[in-house]
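Listed here are the chains, written in short residue letters.
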Amino acid sequence: MTTPGSASHVPSPHHARLTPQMRNVIDGMARAGRPPLHTLSPAQARAAYELGAGVLELPKAALPRVEDLRIPARDGTPLPARLYAPTASDAQALPLLLYLHGGGFTIGSIATHDVLCRELARLAGCMVVSLEYRLAPEHPFPTASDDAWDALAWLAQHATTLGADPSRLAVGGDSAGGTLAAVCALQARDAGLPLALQLLIYPGTTAHQDTPSHTEFAHGLVLERAAIGWFFDQYIPSRAEREDWRFAPLLAPDAEGVAPAWIGLAEYDPLVDEGVEYADKLRAAGVPVQLEIYRGVTHEFIKMGRALPEARQAHADAAAALRSAFQLD
């Protein structure tokens, strides 16, 4: 949700328990002294996140097929999207992952998650379509959720024209994008659209951010309590509306029959408890779940592959889950 250099200078009592590489990242952010994103305007926060998004990423993987496209939303707005494919030819239909970026529904873009989407396409051997859904506060709840579902439904209808296999679809995302992916999986079940997998990277699932990990990891670990409050005040200022399961999928009345899940969490993350709770909810409903908790790292770690071996491991694990779900192995 945040960018390197945007955390406050309040040290976390958990700092010494982080991996040495993660501590180095946190210390570098403190030395940079950049203002926290939640102290900026949404436009300034987006610009700051864009500027810092690639600092700790792996080198950009070259892929034989990268195309920009537009996907129509229900109100006719053409949503930007980017297609990544590990093969140039559409002679063999590839399975397809719709990817939804993180950023608290307020920041983030195709560009900020370009490297991650390239890695997933390269390692999983599948097509990835990254969506630029509309952001708050200009487009408050439920616009992001509606845009995500509209894109998934459109891709299911038009997969063959893109060189994708409509019978092998998945949805995924990180942080707020993980929330959107979980919601899409519920909507796909209700619409009778079969998905092979929901790939949830430290998703937000609760209505009011009141789990113990939100208190325990509130400061000094990349994503802070003040930032979460700011993001959600932009997107969904009404606390009553936050009871809607399209914002808090943990409150969905029933999870039976949704797609199998791969859930990747960070140990030192305000969102870790709600990620575990969502895994438990799915398992209780009979949904197959693979849960991985990456030790000694924080929120946003998945985008720090240059610095963190845990990020590179998570890339490989997520790709393996996709390959298995798509029956590519």
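For the structure itself, consult the block above.
Thresholds, definitions, all that
Residues numbered from 1 in each chain as written. Predicted model: local features only at pLDDT ≥ 70, side-chain atom pairs only at ≥ 80, totals over all residues. Heavy atoms only, no water. Helix = DSSP H or I, 4+ residues; strand = E, 2+ residues; numbered from the N terminus. Expected span 1.5 Å × (residues − 1). Buried < 20%, exposed > 50% of the residue type's maximum accessible area, 1.4 Å probe, protein only. Contact = heavy atoms within 4.5 Å.

### Let's talk about helix α9 (residues 309–325)
Thinking step 1. For α9, spanning 17 residues, the distance from its first C-alpha to its last is 24 Å, which sits close to the expected 24 Å at 1.5 Å a residue.
Thinking step 2. Restricting attention to buried positions, one finds in α9 the residues E310, A311, A314, H315, D317, A318, A319, A321 and L322.
Thinking step 3. For α9, the elements touching its buried residues are β3 (94–100), α3 (114–124), β5 (164–174), β6 (197–201), β7 (261–268) and β8 (289–298).

### Focus on α3
Thinking step 1. Counting buried residues along α3, nine of its 11 residues qualify, which places the element largely inside the surrounding structure.
Thinking step 2. Residues D114, V115, L116, C117, R118, E119, L120, A121 and A124 constitute the buried set of α3.
Thinking step 3. Residues of α3 that are buried in the fold lie against β1 (65–72), β2 (78–85), β3, β4 (127–131), β6 and α9.
Thinking step 4. Just downstream of α3 lies G125, where phi reads positive at about 70°.

### Observations regarding unusual backbone geometry
Thinking step 1. A cis amide bond links A136 with the next residue in sequence, P137, at an omega value of 5°.
Thinking step 2. Relative to the helices and strands, P137 resides in the loop between β4 and α4 (143–162).
Thinking step 3. For the bond from F141 to P142, the omega torsion is 5°, close enough to zero to count as cis.
Thinking step 4. As for its placement among the helices and strands, P142 is situated in the loop between β4 and α4.
Thinking step 5. Notably, Y202 is not glycine yet its phi reads approximately 30°, a positive angle.
Thinking step 6. Positioned with a positive phi, V222 is a non-glycine residue whose angle comes to about 80°.
Thinking step 7. With a relative accessible area of 2%, V222 lands in the buried category.

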